[in-house]
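Residue-level structure breakdown
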Amino acid sequence: MRRKRTAILISGRGSNMDALIAAARTPDFPAEIVLVASNRPDAPGLARAKAAGFAVAAVDHKIYAGREEFERSLHMVLETHRVELVCLAGFMRLFTPWFIGQWRGRLLNIHPALLPAYRGLHTHERALADGVKIHGCTVHFVVPEMDEGPIVAQAAVPVLDDDTPESLGARVLAQEHVIYPAALRLAASDALRIEGNRVLGARMDSDSALVAPAII
Ligand code: GAR
């Protein structure tokens, strides 16, 4: 089986990047990581990827006149590396419809909430303020609307009485590291069919935790 050439785009820490890289090291994984790119040249994850021997690229959004100039440059880097699939992993820039059009159906994102709840930033603070009992994370295909798009995988975690945004965020992050590799595996093995806003064929193994066991 030919493995899908996959890029990971980050803006910071890169813990989801680490989880994807670790998964892609397993022999039967259908995606190989051929590039790690960041819009922030000083992203800690970029240095780690470079030290681990991955091809890396810093495409600093600040040096471009506008969003689309930045994206055209990023797109060229992706094309140069013959990338087929892109995983946004803590990539904190919004894309224009032009970029999303280039990558539609091949662009995944992870969001730290159970979409469509809590789009945007500060999801853990907002979940605590609302008093919800269940929170979680979502991997979805990217569409022009922010934090929308067909959902590939979700995991739920309980919200505990003594949670802070940090403790809740850490519980969610542990699940992000489970569902993102699982979602990439599905997307890269062409197991998925997108019908409207639904992703079909995304049945996961029981050990890959569509819903975190902690909730039961
Ligand atoms: C993750 O929690 C990810 O879900 C979130 O940023 C964090 C990045 O952490 N992404 C977003 O909020 C996107 N809107 P990481 O760099 O350690 O993977």
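The present account deals with the structure reproduced in this document. (Residues numbered from 1 in each chain as written. Predicted model: local features only at pLDDT ≥ 70, side-chain atom pairs only at ≥ 80, totals over all residues. Heavy atoms only, no water.)

1. Concerning the nonpolar core
I8, L108, V152 and L184 are the most contacted members of the largest nonpolar core, which has 43 residues in total. It is helix 6 (residues 165-188) that contributes the most residues to this core, nine residues altogether. Beyond its immediate stretch of four places on either side in the chain, L184 contacts T6, L20, F29, A31, L85, C87 and L108. With 21 residues, the next largest nonpolar core counts A7, L9, V77 and F99 among its residues. (Core = buried A, V, L, I, M, F, W, Y, C linked by side-chain atoms within 4.5 Å. Buried < 20%, exposed > 50% of the residue type's maximum accessible area, 1.4 Å probe, protein only. Helix = DSSP H or I, 4+ residues; strand = E, 2+ residues; numbered from the N terminus. Contact = heavy atoms within 4.5 Å.)

2. Brief notes about the site of the ligand
Near the ligand, the surroundings consist of R13, G14, S15, N16, G90, M92, I110, H111, P112, L173 and E176. In the environment of the ligand, an oxygen atom lies 2.5 Å from a nitrogen or oxygen atom belonging to the side chain of R13. Contacts to the ligand include G14, whose backbone N or O atom sits 2.7 Å from an oxygen atom. With the chains in place, 86% of the 450 Å² that the ligand exposes on its own is no longer accessible. (Near = heavy atom within 4 Å. Polar contact = N/O pair within 3.5 Å; in protein donor to acceptor, adjacent residues only side chain to side chain. Areas by Shrake-Rupley, 256 points an atom, 1.4 Å probe, with all protein chains shown as cover.)

3. What to know about the packing of helix 5 (residues 123-130) against helix 6
Two elements in contact, helix 5 and helix 6, have axes whose closest approach is 9 Å; the angle formed by their N-to-C orientations is 115 degrees. By the angle between their directions, the pair helix 5 and helix 6 is classed as roughly perpendicular. Relative to helix 6, helix 5 is oriented so that their crossing is right-handed. In contact with H124, E125, A127 and L128 of helix 5, helix 6 contributes P165, L168, G169 and V172. In terms of residue class, the contact of helix 5 with helix 6 is built from five nonpolar, two polar and one charged. (Axes fitted to C-alpha atoms, helices over the stretch in contact; angles between N-to-C directions. Parallel < 35°, antiparallel > 145°, perpendicular 65-115°, else oblique. Left-handed = near helix turned anticlockwise from the far one by under 90°. Nonpolar A, V, L, I, M, F, W, Y, C, P; charged D, E, K, R; others polar.)

4. Some details on helix 2 (residues 44-51)
Within the sequence span of helix 2, burial applies to G45, L46 and A49. Buried positions in helix 2, seen along its axis, are confined to an arc of 100 degrees and lie on one side of it. Helix 2 presents K50 and A51 as exposed residues on the side facing more than 90 degrees away from its buried surface. Its buried side turned inward, helix 2 meets strand 1 (4-10), helix 1 (15-24), strand 2 (31-38) and strand 3 (56-58). (Arc of directions from axis to C-beta.)

5. Considering the environment of L128
Residue position: L128 is located in helix 5. For the pair L128 and R5, spaced 123 residues apart in sequence, the C-alpha to C-alpha distance is 39 Å. Those residues in contact with L128, other than ones at most four positions away along the chain, are V159, D163, T164, P165 and L168.

6. Here we look at the packing of aromatic side chains
Each pair of aromatic rings is reported with the distance of its centres and the angle of its planes. For the structure on display, the rule yields five aromatic pairs. When the ring of F95 is compared with that of F99, the centres are 4.1 Å apart and the planes differ by 15 degrees; the resulting orientation is stacked. Considered together, F95 and F99 belong to a single accessibility category, that of buried residues. Across the ring face of W98, the terminal group of R72 is positioned such that the distance to the ring centre comes to 4.2 Å. (Phe/Tyr/Trp six-rings, centres within 6.5 Å; stacked < 30°, edge-to-face > 60°. Lys NZ or Arg CZ within 6 Å of the ring centre and 35° of its normal.)

By themselves, these figures tell us nothing about what the structure is for.
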